[in-house]
Amino acid sequence: MLGELALDGRIKGIRGALPTALLARPRRYAGVVLPRENSTEASVVGGGVAVLGVESLRQAYEFFEGLREVVPTTSDISSAFGAAADHDVDFSEVRGREQAKRALEVAAAGGHNVLMSGPPGSGQTMLAKRIPTILPAITFDEAIETTKVHSVLGLLDGRALIATRPFRAPHHTICDAGLIGGGPVPRPGELSLAHHGVLFLDELPEFRKNVLEVLRQPLEHAKITISRVMGTLTFTASVMLIGAMNSCPCGFYTDPQHECSWSPLAIQRVPLAHFGAAARPDRHPYRSADSEVQGADRLKPGRDLVVDSRARQRRAPARSKARASACSSSRSIVSAGTRAPSPGSSNLRAPSSTLTAAGRSRRTT
Ligand SMILES: Nc1ncnc2c1ncn2[C@@H]1O[C@H](COP(=O)(O)OP(=O)(O)OP(=O)(O)O)[C@@H](O)[C@H]1O
Ligand SMILES: [Mg+2]
């Protein structure tokens, strides 16, 4: 039984209902009685555990006395995934920028971090927001892990499951505890909220250096361990980190339309001196070079791998099922990348030679 008992006998909603309810599964409990407002998020527990939502202590009492029947809450997981598959934006909306798009596609395939740099208006923010739309679809187990973090912070808003890869873009004024988690009673930060998705640090140089420094270890280990007197907590944090910055402090270093007021030497010193560990090139194997996100390339027509891959996916159901699954296992990112999307759920398909190389180089180790 979980819940917060109000003085008037109501059972109020709690944070962390899903991770708590999940504990019932390995213990082979028949069911969990919890606040009605948490019953939807807990309904994904499965494993034969009945999720019973009640509104008051009286209802709980009557249920246990056999005087009231409480119908177990269920949720339609497949429709939750189907509804979530639609994004407001799409990677195929980006015009031109072939090299930048290619770099992001390869990075998305392997789950690599990316640092984009370019003049103002070159589309870095726009590209970053569209990255979740080319990541492999989130699997059920990944969705449960991500949903647990959101449940702990009470951010589910009645949803049963976070069925898309999260995209978190914290403002540069965020503190280190807000980013990686912390506080007197440790709470997950933005990094954990982006678990299995994208953490986007726009205007990277504006973030405080100590805030970027604390990202270093969690990015390497894909988790954060916070120790307090009361105990030690570990939060999951497997993210694709995307950074965006202008090429120089004035922003116009590679802009053909404007003159930059900084010397090349001073600009070279900016990233390492000012940005700290999170901006180190070895943590961002795919840098989208300045020349790639500006100028003539902007509107250059070219072959769009994302559009091509979706066209291929649309054609796939017409083929025989056996042939489609054979094709999928030999060509999908899943086989080469390190993420583990659900079978046949990859949004992006591309030649296996490229993807194998990307997959093996794995994250920013
Ligand atoms: N290749 C593109 N295709 C479609 N729209 C684009 C492209 N490049 C830029 N835009 C549009 O131009 C505007 C500016 O883009 P965006 O804000 O992403 O630039 P930015 O590189 O983040 O600039 P800043 O450094 O000022 O933050 C947006 O409305 C974006 O949609
Ligand atoms: Mg921007």
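The rules we used
Residues numbered from 1 in each chain as written. Chains lettered and ligands numbered in written order. Predicted model: local features only at pLDDT ≥ 70, side-chain atom pairs only at ≥ 80, totals over all residues. Helix = DSSP H or I, 4+ residues; strand = E, 2+ residues; numbered from the N terminus. Buried ≥ 20, exposed ≤ 12 C-beta atoms within 10 Å, placed from the backbone. pLDDT = per-residue confidence, 0-100. Contact = placed C-beta atoms within 7 Å. Pairing = 2+ DSSP bridges. Near = placed C-beta within 6 Å. Nonpolar A, V, L, I, M, F, W, Y, C, P; charged D, E, K, R; others polar. Expected span 1.5 Å × (residues − 1). Core = buried A, V, L, I, M, F, W, Y, C linked by C-beta atoms within 7 Å.

## Some details on the overall build of the protein
The helix and strand inventory of the protein stands at 16 helices and eleven strands. Within the protein, buried positions represent 42% of all 365 residues.

## Concerning the confidence of the model for the protein
The share of residues in the protein with pLDDT of 70 or more is 72%, and the mean pLDDT across the chain is 76. Between residues 272–301, whose pLDDT stays under 50, and residues either more than four places distant or in other chains, the model counts 75 contacts. Of the regions scoring below 50 in pLDDT, residues 322–365 engages in 83 contacts with residues more than four places distant in sequence or in other chains.

## Things to note about the pairing of strand β9 (residues 231–236)
Here strand β8 (residues 223–228) runs beside β9; their pairing, made up of six bridges, is antiparallel. Note that in β9 the partner of I224 across the bridge is F235. The antiparallel pairing of β8 with β9 creates a hairpin that spans two residues between the two strands.

## Focus on the site of ligand 1
Residues in close proximity to ligand 1 total 15 residues, the closest being P120, G123, Q124, T125 and M126. In terms of residues, the shell around ligand 1 owes the most to one element, helix α6 (residues 124–129), which gives three residues. For the shell around ligand 1, the per-class residue count stands at four nonpolar, eight polar and three charged.

## Focus on helix α5 (residues 98–110)
In this model, α5 (13 residues) spans 19 Å end to end at C-alpha, consistent with the 18 Å of a helix rising 1.5 Å per residue. The element α5 is largely enclosed, with a buried count of ten among its 13 residues. Among the residues of α5, A100, K101, A103, L104, E105, V106, A107, A108, A109 and G110 are the ones counted as buried. G111 occupies a position one or two residues after α5 and carries a positive phi of about 70 degrees.

## Notes on the environment of T139
Along the chain, the position of T139 falls in the loop between α6 and α7 (140–152). Judged by local crowding, T139 falls into the partly exposed class, with 17 C-beta atoms found within 10 Å. Residues T139 and F81 lie 58 residues apart in sequence; the distance between their C-alpha atoms is 9.4 Å.

## Quick notes on the nonpolar core
If you look at the biggest cluster of nonpolar residues, it comprises 44 residues, and the most contacted ones within it are L104, I131, L191, V198, L199, V239 and I242. A per-element tally of this core places α5 first, with seven residues. Contact partners of V198, with chain neighbours within four places excluded, come to I131, P132, R165, F167, V239, M240 and I242. V32, L34, A42 and I162 belong to the second largest nonpolar core, which has 22 residues in total.

## A few points about the environment of A30
Turning to its location among the elements, A30 is positioned in the loop between α1 (17–22) and β3 (31–35). For the pair A30 and V49, spaced 19 residues apart in sequence, the C-alpha to C-alpha distance is 5.1 Å.

## Remarks on unusual backbone geometry
A negative phi angle is the norm for most residues apart from glycine, just as the trans form is the norm for most peptide bonds. The backbone phi angle of R28 is positive, close to 55 degrees, even though this residue is not glycine. Its 9 C-beta neighbours within 10 Å are what place R28 among the exposed residues. With phi around 55 degrees, R97 is a residue other than glycine that occupies positive phi space. Counting through the fold element by element, R97 comes out in the loop between α4 (77–84) and α5.

## Digging into the environment of E93
With respect to the element layout, E93 can be found in the loop between α4 and α5. The exposed category is assigned to E93, around which 10 C-beta atoms lie within 10 Å. In this structure, the C-alpha to C-alpha distance between E93 and L127, residues 34 residues apart in sequence, is 9.4 Å.

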